[in-house]
Amino acid sequence: MANEMKLRREKTKKRIRGRVAGTPERPRLTVFKSLKRIYVQAVDDTRGVTLAAASSLEKDLRADLQNGSNINAAKAVGARIAARLLEQGIKA
């Protein structure tokens, strides 16, 4: 069961990555949601670097959240990554 889920996730990832590429002005946003946590990264594929990252595992977010993978956690993590990207001057 777990192996099937992993294969399905990899297949979806490959299909999307064939069409989407991040640039320094408009990075690719990757989101991984497990049953307990949410992880987000903004990636510049031209250089192959992660520009910013956020997750529901961060101490200050974890203290505010009752559950790390619900809608409130997604909003908090989204606001955190947006703030970090705005600090770098990335608006798209």
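Up top you'll find the structure we're talking about.
Residues numbered from 1 in each chain as written. Predicted model: local features only at pLDDT ≥ 70, side-chain atom pairs only at ≥ 80, totals over all residues. Heavy atoms only, no water.

Quick look at a nonpolar patch on the surface
Side chains of Phe32, Tyr39 and Leu57 sit close together on the surface and give an oily, nonpolar patch of about 240 Å² of accessible area. Of note, Tyr39 is situated in strand S2 (residues 38-44). What makes Tyr39 partly exposed here is its relative accessible area of 30%. (Patch = residues over 30% accessible without salt bridge, like charges linked within 9 Å, V, L, I, M, F, W, Y side chains within 5 Å. Areas by Shrake-Rupley, 256 points an atom, 1.4 Å probe, with all protein chains shown as cover. Salt bridge = Lys/Arg side-chain N within 4 Å of Asp/Glu carboxyl O. Helix = DSSP H or I, 4+ residues; strand = E, 2+ residues; numbered from the N terminus. Buried < 20%, exposed > 50% of the residue type's maximum accessible area, 1.4 Å probe, protein only.)

With respect to helix H3 (residues 71-87)
Here H3 spans 24 Å end to end across 17 residues, near enough to the 24 Å set by a 1.5 Å rise per residue. Every buried residue of H3 is listed here: Ala73, Ala76, Val77, Arg80, Ile81 and Leu85. Each buried residue of H3 lies within a common arc of 165° when the element is viewed along its axis, so the set occupies one face. The exposed residues of H3 that point more than 90 degrees off its buried face are Ile71, Asn72, Lys75 and Leu86. Residues of H3 that are buried in the fold lie against strand S1 (28-33), S2, strand S3 (49-55) and helix H2 (59-64). Two or three places before Asn72, at the opening of H3, Asn70 has a side-chain oxygen 3.3 Å from that residue's backbone nitrogen. (Expected span 1.5 Å × (residues − 1). Arc of directions from axis to C-beta. Contact = heavy atoms within 4.5 Å. Polar contact = N/O pair within 3.5 Å; in protein donor to acceptor, adjacent residues only side chain to side chain.)

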